[in-house]
Amino acid sequence: MYYDLDEKKNYLKEHLSPKRYQHSLNVAAECRKLAEKYGEDTDKAYFAGLLHDVCKEMPEDEQRKLADNDVFAPCREELETRSLLHAVAGAYFVKTNFGVEDIDILNSIRFHTVGRAGMSRLEEIVYLGDLVSADRDYKDVDKMRKIVYTDLNDAMLEAFIFAIKSVIKKGGLVPPCTLEGYNFYTRLKK
């Protein structure tokens, strides 16, 4: 299979800064723990977490070329927001350059920044693993870490609220799939 971790780690070491590489390792480790807690394939979760930021430090024009594809159908807001390009680009890159065909892994990479309604368990794990990895130090990260290991749906709702507030505070664009994700997890609470 394509889980050759040594090869992927070597690629990431060559193409990411030491800080981003360490973040990728931290997210992969967090995803493995979450997968174990919530009954998902731990190797698959580690692999998806490891590669979630594969294109993060790629030049913007290269990210844009990869992201502008019909396979993962980025919305206008994603294409217009530099910090969101890497997720769509990463999914396409992993599919075309590493031969990954597993749609769950690809969607986990593709939606790890914006989320969406009806995420698979693996997608939720990568989304949350990125948010609470060991290197994260935002104001309420400890509270978020507790929620993540208590109730996945509560964690997803809190994560969407956090993400939307953060984007609004910065004056950014909120992709429709993020709002749909918020609405989806809000409805689960009713």
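The following paragraphs examine the structure supplied in this document. Just so it is clear, the model here is predicted, and its values are computed rather than measured.

**Re the pattern of salt bridges**
Evaluation of the coordinates by the stated rule reveals 16 salt bridges. For Glu60, the salt bridge goes to Arg82, with nearest N and O atoms at 3.6 Å. Taken together, the residues span a long stretch of sequence, with Glu60 in helix 4 (residues 60-67) and Arg82 in helix 6 (residues 82-98) at a distance of 22 residues. Here Glu124 ties to Arg121 by a salt bridge, and the two come within 3.5 Å at their closest N and O atoms. Taken together, the residues Glu124 and Arg121, both in helix 8 (residues 121-132) and three residues apart, mark about one turn of the helix. Looking at Glu124, the relative accessible area reads 6%, which means it is buried. Shared partners join several salt bridges into a network, and the residues in it are Glu60, Arg64 and Arg82.

**Thoughts on the side chain of Ser108**
Mapped onto the secondary structure, Ser108 falls in helix 7 (residues 103-110). There is a polar contact of 2.7 Å between the side chain of Ser108 and the backbone oxygen of Asp104. Filtering out sequence-adjacent residues up to four positions away, Ser108 remains in contact with Ala48, Leu122, Glu123 and Val126.

**Re helix 3 (residues 42-51)**
Within helix 3, eight of the ten residues are buried, which leaves the element mostly enclosed by the surrounding structure. In this structure, the buried residues of helix 3 make contact with helix 1 (5-15), helix 2 (18-38), helix 6, helix 7 and helix 8. Its side-chain oxygen at 2.9 Å from the backbone nitrogen of Asp43, Asp41 defines the N-terminal cap of helix 3.

**Brief notes about unusual backbone geometry**
For Ala73, which is not glycine, the phi torsion reads 40° and is therefore positive. Relative to the assigned elements, Ala73 resides in the loop between helix 4 and helix 5 (76-79).

**Section: the packing of helix 8 against helix 9 (residues 141-148)**
Where helix 8 meets helix 9, the closest approach of the two axes is 10 Å, and the angle between their N-to-C directions is 150°. If you check the angle between helix 8 and helix 9, you find them roughly antiparallel. Crossing handedness for the pair helix 8 and helix 9: left-handed. Two secondary-structure elements touch here, helix 8 through Leu128, Leu131 and Val132 and helix 9 through Val141, Met144, Arg145 and Val148. Considered class by class, the residues forming the contact of helix 8 with helix 9 number six nonpolar, no polar and one charged.

**Things to note about the nonpolar core**
One finds Leu128 and Met144 to be the most contacted residues of the largest nonpolar core, which totals 60 residues. Setting aside anything within four residues of it in sequence, one finds Leu128 in contact with Leu34, Met144, Val148, Leu152, Ala155, Met156 and Ala159.

Cut-offs applied
- Residues numbered from 1 in each chain as written.
- Predicted model: local features only at pLDDT ≥ 70, side-chain atom pairs only at ≥ 80, totals over all residues.
- Heavy atoms only, no water.
- Salt bridge = Lys/Arg side-chain N within 4 Å of Asp/Glu carboxyl O.
- Helix = DSSP H or I, 4+ residues; strand = E, 2+ residues; numbered from the N terminus.
- Buried < 20%, exposed > 50% of the residue type's maximum accessible area, 1.4 Å probe, protein only.
- Polar contact = N/O pair within 3.5 Å; in protein donor to acceptor, adjacent residues only side chain to side chain.
- Contact = heavy atoms within 4.5 Å.
- Axes fitted to C-alpha atoms, helices over the stretch in contact; angles between N-to-C directions.
- Parallel < 35°, antiparallel > 145°, perpendicular 65-115°, else oblique.
- Left-handed = near helix turned anticlockwise from the far one by under 90°.
- Nonpolar A, V, L, I, M, F, W, Y, C, P; charged D, E, K, R; others polar.
- Core = buried A, V, L, I, M, F, W, Y, C linked by side-chain atoms within 4.5 Å.

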